[in-house]
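# Notes for the structure review
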Amino acid sequence: DVVCHLAALGTQDLYAYKHPHENLLVNALGTINVAEAVRDVIRPEYFKLFLHASSSEVYGNHKYPQEYPLKETTPLKANSPYSVGKIAAENYMNYLIQTYDFPATILRPFNTYGFGPARTLIDRVTQEMLRQTSPIKLGSSDPIRDWLFITDHVNAYITCIQKMQKAKGETFNFCTGMAINIYETIDQIRALTGWHGELQWNTQPKRPNDIHALLGSYRKAEHILEWKPEVTLVQGIKKIIEVNKIG
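If you're wondering where the values come from, they're calculated on a predicted model, not measured in any experiment.

Before going further, it helps to spend a moment on the overall build of the protein. Counting its regular elements, the protein contains 9 helices and 10 strands. For 247 residues, the compact-globule formula gives about 18 Å, and the C-alpha radius of gyration of the protein, at 19 Å, lands near that figure. For the C-alpha atoms alone, the extent of the protein along its principal axes is close to 60 × 40 × 35 Å. Looking at the protein as a whole, 47% of its 247 residues qualify as buried. Counted over contacts in the protein with a minimum sequence separation of 6, partners at least 24 positions apart contribute 81%. Accessible surface, the protein as shown: approximately 12300 Å² in total, 53% of it carbon and sulfur. The positive charge centre, built from 26 side chains, and the negative charge centre, built from 25, are 2 Å apart in the protein.

For the rest of this paragraph, the subject is the side chain of Arg124. Take Arg124: it is sitting in helix α4 (residues 121-130). Within polar-contact distance, the side chain of Arg124 engages the backbone oxygen of Lys137 at 3.2 Å. Setting aside anything within four residues of it in sequence, one finds Arg124 in contact with Ala118, Ile136, Lys137, Leu138 and Gln204.

A separate point is the packing of α4 against helix α7 (residues 182-193). It is at 10 Å that the axes of α4 and α7 come closest, and there the two elements cross at 35°. Relative to α7, the crossing made by α4 is right-handed. Contacts between α4 and α7 pair Leu121, Ile122, Val125, Thr126, Met129 and Leu130 from the former with Ile182, Thr185, Ile186, Ile189, Arg190 and Thr193 from the latter.

A word on a nonpolar patch on the surface. Nonpolar side chains collect at one region of the surface, where Leu25, Val26 and Leu29 lie side by side and expose about 240 Å² of accessible area between them. Secondary-structure assignment places Leu25 in helix α2 (residues 20-41).

About the thresholds
Each chain has its residues counted from 1, following the order in which its sequence is written. Note on the predicted model: pLDDT of at least 70 is required for a residue's local features to be given, and 80 or more for side-chain atom pairs to be given and counted; whole-chain, interface and lining totals, by contrast, use all residues. Here the side-chain values reflect all heavy atoms present in the structure, with hydrogen atoms and water set aside. Strands are runs of DSSP state E lasting at least two residues, helices are runs of H or I lasting at least four, and both sets are numbered from the N terminus onward. Atoms counted for the radius of gyration: C-alpha only. Globule rule: 2.2 Å times the number of residues to the power 0.38. Burial here depends on accessible area, computed with a 1.4 Å probe over protein chains only, as a share of the maximum for the residue type. Under 20% is buried, over 50% is exposed, and the range in between is partly exposed. Throughout, a contact is declared for two residues whenever any of their heavy atoms are within 4.5 Å. Note that accessible areas follow from Shrake-Rupley with a 1.4 Å probe, and for residues the cover is restricted to the protein chains shown. Note on charges: Lys and Arg go in the positive column, Asp and Glu in the negative column, and His and the chain ends are not counted at all. Taken as the charge location is NZ of Lys, CZ of Arg, CG of Asp or CD of Glu. We call two N or O atoms a polar contact when they sit within 3.5 Å, provided that within protein one can donate a hydrogen and the other can accept it, with sequence-adjacent residues counted only if both atoms are side-chain atoms. The angle between two axes is taken between their N-to-C directions and runs from 0 to 180 degrees, where each axis is a line fitted to C-alpha atoms and a helix contributes only its stretch in contact. Should the near helix be turned counterclockwise from the far one by less than a right angle, the crossing is left-handed, whereas a clockwise turn marks it as right-handed. A patch consists of residues whose relative accessible area exceeds 30% and which take part in no salt bridge; residues with like charges are grouped when within 9 Å of each other, and nonpolar side chains (Val, Leu, Ile, Met, Phe, Trp, Tyr) when within 5 Å. One speaks of a salt bridge when a side-chain nitrogen belonging to Lys or Arg is within 4 Å of a carboxyl oxygen belonging to Asp or Glu.

If you want it as structure tokens, here you go:
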């Protein structure tokens, strides 16, 4: 009944920049393959919804704070092989929607944390501080991010499925509407873990043309789907701390 297309080659490190062909094959052509397979294999009377996982990174860099928060109508500005592939995939989804009335929804989740393994900055740093690791190596302290906890992210997909008649053909941001810079984020983790070690800033490789600010508006999702985030950054960090202490 429903296809949730989450597969992608990520952008957490410099791999995407060193392997642009692979990135586009997976994120753009891979999406086309999945969508066309659905159209070829699943009978239309059974198929109800295709959820496509895009990303807030499709927005690229805009003037901060004048052009924020980012809305679904904000122009997309590719700044990496990853975002080029994601924008191409979105364009293909919209082509299918407009041409064949393909029942697709495009989701643009913002920076998500709370995975468990140290896949994101917040997860990694929290775990390192709980282990009393010192020094902790970090990149730039300046980027501004809108942090979305994993349960709110998952709930976005569930909500789209539950309200598929309203979700079909639409693009939605899923975020908190609140953003802080990396320095303040790390400071929050430090305070909540009680860590007192050394931070070494600007010791991690930089992404070329990194996005300075990602701050979104979830008003469209709230208005149409009645979705809104439930977990604040402090609450999310506390959940990670609790899980890691149990583990």
